[in-house]
Each structure stands twice: as structure tokens, then as C-alpha cells.
Amino acid sequence: MMMIHRWRRSGEFVRSACKSLSSLRPEHNSMSPPVSGFVNRYESKGKTFQSNAWNDHNRELDLGRNLGMMQQYKSFGSSSASKVQRNPLFSSLEPKDVSYFKEILGDKHVIEDEERLETANTDWMHKYRGSSKLMLLPKNTEEVSQILKYCDSRSLAVVPQGGNTGLVGGSVPVFDEVIINVGLMNKVLSFDEVSGVLVCEAGCILENLATFLDTKGFVMPLDLGAKGSCHIGGNVSTNAGGLRLIRYGSLHGTVLGLEAVTANGNVLDMLGTLRKDNTGYDLKHLFIGSEGSLGIVTKVSILTQPKMSSVNLAFIACKDFLSCQKLLVEAKRNLGEILSAFEFLDNNSMDLVLNHLDGVRNPVSSSENFYILIETTGSGETYDREKLEAFLLKSLEQGLVSDGVIAQDINQASSFWRIREGITEALQKAGACYKYDLSLPVEEIYNIVNDLRGRLGDLANVMGYGHLGDGLIEPYVYEWTSKHRGSISAEHGLGVMKANEIFYSKSPETVALMVSIKKLLDPKGILNPYKVLPHSFFSP
Amino acid sequence: MKILVAVKRVVDYAVKIRVKPDKTGVDTQNVKMSMNPFCEIALEEALRIKEAGFAKEVVAVSIGPSQCVDTLRTGLAMGADRGIHVEASYSFLPLTIAKILKSLADVENPGLIFLGKQAIDDDCNQTGQMVAALLGWPQATFASKVVLDKDKQSATVDREVDEGLETLSVDLPAVITTDLRLNQPRYATLPNIMKAKSKPIKKMTLEDLKVDIKSDIEIVEVTEPPKRKSGVIVSSVDELIYKLKNEAHVV
């Protein structure tokens, strides 16, 4: 869901609005400033991100195209909380550093070319841009270790980078951090056809892994719209969820081991391939979801699932959100083990996709308020089909579903998925957008969209869509989320976008421990600085 | 008028096929099967003609093993009125199919027979033409546009040919085979899937139709096409000329 309108709170509010999920801090009021207080000023600056003032990134200077009537808004609040300064303790790049890197990596893999750097410095959404002057392309773990050992000794900040498809500005430099891109480390190391355990380097592209596994009759336990570009190392580092989470669970469960390099160049070999291994603290979990701030993941060992041939997909229309929720419950109950995806999008999202993408049509003939994608994966073609049909027909009779279609072949199924997966792409084309991913208790999920619509009226186009099956809806208001016991980042991570917002979802004690762990593993703070955890803990 | 539409159950268009190790054919075990895309287009056209008021009934027919009933159900879910399943234990070649369809046409007396221009598994592109010949009916193949004239009992069909578009006028009854650009098939909606459950599918055997299935053609072997060899980088123009002359034999 995107709020085309971005709003910010003042720093003061951020500090005082810390809410833990379990208790409210007694010494602070739970302030709920009116929505209108957060409308930020927008200036239409044309199509591309021109500003070099990183500090202003939170003010959404990048607008893309105009949004019709929305061009200027009155500014009410300031956004001082978002200002981050370059840490003066970090060194600046010197020629001797570049020479050293060329020595260990070879000239070809030390990139100073401006065009290539521009791409590497800019995130996928074109919202964030750093000013790094150097990108390194290591070919193996040993090289990553040498790079980090050197950078640590020189106090050079670095940004680990994979496919650069992140949505929270976590994969691009904030200032001049050296970019370490693992794209060359893209080999599959081993695959066990009995257990389904795949061991590969972190730079493998998710879609390539899926294609490789397909020939063996297996599937990756995760799938996302960015699969053509994202790396498995990045997926693991951000604990990516995606479309199949409802069926296969999260990476914390499916990743059996990993190899990571810490800030001082130490190689941590935690690359187990065993399903069961209770020997000591399971440290890999620290790295899964740490967004590159505790170490660079170089190898991954992941449990893959046998491919099941019978896949069915239905595109359903529902009148209201309550029906969607009931449908979810009934689907889990009736489809049980064969349910593999349950996605939802609202009318605004559908309109957006129809307007901005080519060759896309609404599978359901009438326009409805909500659309649901239900996918089943099983081994019995006819049996699964009948089960899905019976379930949907019953739902139709009960009035839970107002209309729907079932894909008759893979092409039709792909076109249904294109609609859901294409929302992010359509958003980018539509112009200025603020994309949030939040998770909330299922019953609360759509209330926030309606809430926002009520308050913003004509000013913004608010839409909701997401992995309803996991309780995720993108995007939302942090405060609303926090008040309703949700997470401000269900899947995309905190990155730079939400680094200071962690208190909306985690208690101060928890965050303090996170900071201690970070300082233990990365005393100089060179790994992906200014991200994940609040800036105040690390400013000198 | 009644329209007869022949639909074939084939390996789904999007599947990456593999040849069986014994080279007798393509591996269809645990592989997604769907209605041939061109047959979908044929059925869609028949349904549109019926909705325009030119026909009273659309009958879908499929020839093959029992799983063909799934394909017929898809056809019924799209909107066909009834289905006919002709039981056959293995895949027949076009001439046999054409003979079966001719027998059916003698029984059902349709005003139009629609088929896809070819099946994506064998790419024969023969069945429609053979049916027309056996029946002695006119044929319009590779149709990209069909316009019916009720009074004159004829159809004007635009055909996609190598040189462009050719427009034919055929008297009914006729055989029309459909090409890609004719229409975009509709999805099977839930209400229609529900209605389809009560539509009849009649089972017929080859004995009922009195068709001789002996074929003069035998499939000897099925192999994959030779794998593309990777290119070679030459180090100089002289080496290129040498290779073109002595290895590729093109100069």
C-alpha cells in the first residue's frame, strides 16, 4: 500500500513515543498527534532524484511525476529526526586503499567508473542515493575477508550489496561507504537430491536457483517479485518473506546454515546442512535479518522442497474486508495442506496496475472492492482441483465471494500473478509513493487504510495489498501500527528508512541488547552504518 | 445452428518438456496438462457466435483417455452447452481424429466445425483440413476474423497467410481453424464452473462411431533437437577466414 503522501514526525515525538508491545512506558504520554500535523511539504522537482542532501531523504524530495492535483502541500512539521550526519570517525578513501584493493582483487574487480557507481549508489525505488566512489567485486570468501580486515583497520565504512532490490534503502551507501557487491560469488556448491539441501554462494540470483532446482524437481522455499535480480545472500540478510511464506515458513526455519564474514575479516563457518543440530548457541539466526550490519553472508545452506506438479490458482472478488478475513479462515480449514499462497489487493491497487502496466486485464469482469489470489500446490491434479472448486463454490453460495475465476493453464495463472506482483512496479511508474510494509493482527489490517482514507480525503491515494495469509499489509502508519500491536516492518527490514523507528515495535531493553551485540561484533561500526538501529546509539 | 468444437488435451504451453529416455515420446508423467491454446480460441469464437445469436448450441468434443473429461469440463466452464468424450486409449494421429470427427458430424449435423489450427504437441496442422475433405465441406484455416451472414448462410473469414491477410467467403456448413489473433479466450468464472457441473458429457466409443483406427503412420523415434554448440572466439581475422573456409565450408 502506498501513501502517496509522506508524513514525518518530529524527532521529539520519536523519542517520546516508544511503545513496547507489552507495556507502555509510564513516564511518557502516548501522544497521538493529529494526522494533519505530518503532512510534509512537497516540491515537485521533476523526474529524477537530484538532491545530494542525504539529510533530506526523509522529506521525499524525489517525487517522480506529479500526481495530478497533488503538487504542493503546506508544511506543518519539521523532520529533524531524520537528519543523519556522516560519522567523522570513518576515514575517507585514499589512493593507497584503491591500490591495495586492486592488488588483492585484480583491476577488473575494483570499480571506480562513474556510471556503474551511479547505479550501485541508487536503490531500486530511486528514493535513496549515496555518493560512494568505489565498488568492490570479490570472487570468494577469502577476498571478502581480506577486504573487511583492511577496511576495519583503516576505519573505512562499507555497504554489503546484493541485487539491490531492497525497499528501505538498506543496500545503498548513505555517504561514501565502499560498496562490496557479492554478485560474482554466484556458484551452486552442492545439492543433495534426497534431502533437498542446497548449498550455494550468497551472490546467486533467486530465479537462477529456482530454475536450477526445477530441473531436479525441487523448489525454493521463498518466492518474491524481485526474484529475477535479488540474491539469496540478500534474502537471508533481510529475512525476506515473500509469496510462499504461508506454506514453507520463514528463512529462520528453512536456512540450515550460513557462512559469514564479520567486520574484522573473521570467517564464521556456520554452514551446516543438518536439520537437527543442537550444539551451542545457534548464531546464524543473528545474521538472518541483520541486514548486513553484523556480517557479510557469503554462503547459504537452505532446505528446498520437492516440486509438486499440481498447482491451481484462483482470482476472487470480495465485497468487504470482513469477507476476506473469513475467506482466509475457511481456506486454511478447507484447503489445509495444499494452500500455498493467499494474497490480497484492494480496488485502488487493481486500478493502479491496470493503468500502468501493459497487457494486463482484470480477470473478474466486475469491479469489486477487494481481490484475493488463492493458490494451492499439491500432488494430485484432479483431487486438488476438485477441492479448490468445491471450496470456492461453497464460498460463493455463502456470499463470502462475489465472483471469481480459476486459471485453466499456466499462462492464465501467470497473468493473475502479474497483477499482484506488478503492484510495486506500477507504483514506481505512478510517481511519488511511500511504501510501507507492516504486519498487524489480521482483524486490524484494513482498518488503517480506511482510517487514512478518511483523514486524507482527496489528498492522497491510499491503497492496501499484501500477504493476507501472514498478516502483512503494506504500508501503514507506525503509530497506528504500534497502537494496534503490529510490526512496522513485517518483511522489508528497517534499512535506513526506519532505522530510527524501531521503538515502535521493540522495547528499549531489547534494542539496547541489539546495540550491544552490534558493538561486540563490529566495534568500529563499519558494516552498513546508519541503518537498522537508531542513529543516536552510534553518533560520536 | 449447432457448432461443434474439437478440443485437445496437451502438455501445458508453459511447461519445459523432456523426452522420455526410451525415445518413444515426450514425458507426460506429473506434467501439467491443459487445453491446447488454439482450441481455446476456437471454443471462444464459437461461444461468441452463439452469444451473437447465430447459433443455438455449442458442443465440445475431445478424443483420448479418461482425463480428457477435465479438458471438456474446462470447455463447459467457459460456456459450452454439452460435451462429448470419445474414449481412446492412446493418442491418435490427425487422420484418425478427422475420421472420428466426420462420424460425429454425421450424427450431430453441425453448421460449423471449429478447431484450433494446430496442436502444440505435434504441430501437425492437418486435422481441420482433413475433416473438411472427408466431409466435402469448404474450409477456412488460420482464421484471424470470422463474420457470419445468417441470410446467405455463409461466413467471411480473414486468413493469416505468409503474404499477409486473405479474405475468403465460405458457404455453411464449413470447417474453420483458428489462429492466435482471432480472439482472447475468456476465463472460467466461478458461476460458470458451477453451471458446468450439471452439463452433460456423453461418452462414446470408437465402435459406436464405426471408425477404423488403423494408421499407416508409425512413430519410430522421438529425440531432442541437437544442443546448440557454444560459440568460439577467434583471435584474428586470418583465423576467422581459415575457420570459415576449412571448418564451416562457407567460403
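Structure shown above.
Here's what I pulled together on the structure shown here. (Residues numbered from 1 in each chain as written. Chains lettered and ligands numbered in written order. Predicted model: local features only at pLDDT ≥ 70, side-chain atom pairs only at ≥ 80, totals over all residues. Heavy atoms only, no water.)

1. A closer look at the interface of chain B and chain A
Residue-level contacts link 22 residues of chain B with 26 residues of chain A. Both faces combined, the contact of chain B with chain A buries some 2,200 Å², and carbon together with sulfur accounts for 56% of it. Considering only the surface of chain B that becomes buried against chain A, Lys32, Tyr187 and Leu190 of chain B emerge as the three largest contributors, covering 37% of it. One can count 1 salt bridge joining chain B with chain A. At the junction of chain B and chain A, the tally comes to 8 residue pairs in polar contact (both at pLDDT 80 or more). For the side of chain B that touches chain A, the secondary-structure elements that each account for two or more residues are α2 (68-78), β11 (188-189) and α5 (190-196) of chain B. Per-element accounting of the side of chain B that touches chain A gives the leading share, 4 residues, to α5 of chain B. Residues belonging to the side of chain B that touches chain A are distributed by class as follows: 10 nonpolar, 5 polar and 7 charged. Looking at chain direction, strand β16 (residues 403-406) of chain A and β11 of chain B are connected through 2 bridges and run antiparallel. Paired with isoleucine 406 of chain A across the bridge in β11 of chain B is alanine 188 of chain B. (Contact = heavy atoms within 4.5 Å. Buried area = accessible area lost by both parts, 1.4 Å probe. Salt bridge = Lys/Arg side-chain N within 4 Å of Asp/Glu carboxyl O. Polar contact = N/O pair within 3.5 Å; in protein donor to acceptor, adjacent residues only side chain to side chain. Helix = DSSP H or I, 4+ residues; strand = E, 2+ residues; numbered from the N terminus. Nonpolar A, V, L, I, M, F, W, Y, C, P; charged D, E, K, R; others polar. Pairing = 2+ DSSP bridges.)

2. Digging into a nonpolar patch on the surface
All names here are of chain B. Together, Leu240, Leu244, Val250 and Val251 make up a nonpolar patch on the protein surface, roughly 350 Å² of accessible area in all. Among the secondary structure elements, leucine 240 is positioned in helix α7 (residues 237-246). Under the relative-accessibility criterion, leucine 240 is labelled partly exposed at 39%. (Patch = residues over 30% accessible without salt bridge, like charges linked within 9 Å, V, L, I, M, F, W, Y side chains within 5 Å. Areas by Shrake-Rupley, 256 points an atom, 1.4 Å probe, with all protein chains shown as cover. Buried < 20%, exposed > 50% of the residue type's maximum accessible area, 1.4 Å probe, protein only.)

3. Regarding the pairing of strand β1 (residues 2-6) of chain B
All names here are of chain B. Where burial is concerned, most of β1 is hidden: 5 out of the 5 residues are buried. Neither face of β1 is open: one carries Lys2, Leu4 and Ala6, the other Ile3 and Val5, and all of them are buried. The sheet contact formed by β1 and strand β4 (residues 57-64) spans 5 bridges and is parallel. Residue alanine 6 lies in a different strand from β4, and its bridge partner there is valine 61. Inspection of the sheet shows β1 paired to strand β6 (residues 112-116) by 3 bridges, in the parallel sense. Considered in β6, the bridge of valine 5 is made with phenylalanine 114.

4. Description of the packing of helix α10 (residues 321-335) of chain A against helix α12 (residues 381-398) of chain A
Residue and element names in this part refer to chain A. Two elements in contact, α10 and α12, have axes separated by 10 Å at closest approach and are oriented at 145 degrees. Our pair here, α10 against α12, has a crossing hand that is right-handed. Facing α10, whose interface residues are Leu327, Glu330, Ala331, Asn334 and Leu335, α12 presents Lys387, Leu388, Phe391, Lys394 and Ser395. For the contact of α10 with α12, the class distribution of residues is 5 nonpolar, 2 polar and 3 charged. (Axes fitted to C-alpha atoms, helices over the stretch in contact; angles between N-to-C directions. Left-handed = near helix turned anticlockwise from the far one by under 90°.)

5. Section: a negative patch on the surface
A surface patch of negative charge is lined by Asp113, Glu114, Glu115 and Glu118 of chain A. Examined against the element boundaries, glutamate 118 of chain A turns out to sit in helix α3 (residues 114-121). (Lys, Arg positive; Asp, Glu negative; His and termini not counted. Charge placed at Lys NZ, Arg CZ, Asp CG, Glu CD.)

6. Some points on the pattern of salt bridges
All names here are of chain A. Counting across every chain of the model gives 40 salt bridges over all chains. Between lysine 139 and glutamate 143 there is a salt bridge whose closest N-O contact spans 3.1 Å. Accessibility expressed as a relative area gives 8% for glutamate 143, which makes it buried. Measuring nitrogen to oxygen at the nearest pair gives 3.5 Å for the salt bridge that ties lysine 227 to glutamate 421. You can see lysine 227 sitting in the loop between β8 (218-219) and α6 (232-237) and its partner glutamate 421 sitting in helix α13 (residues 410-421), a full 194 residues away along the chain.

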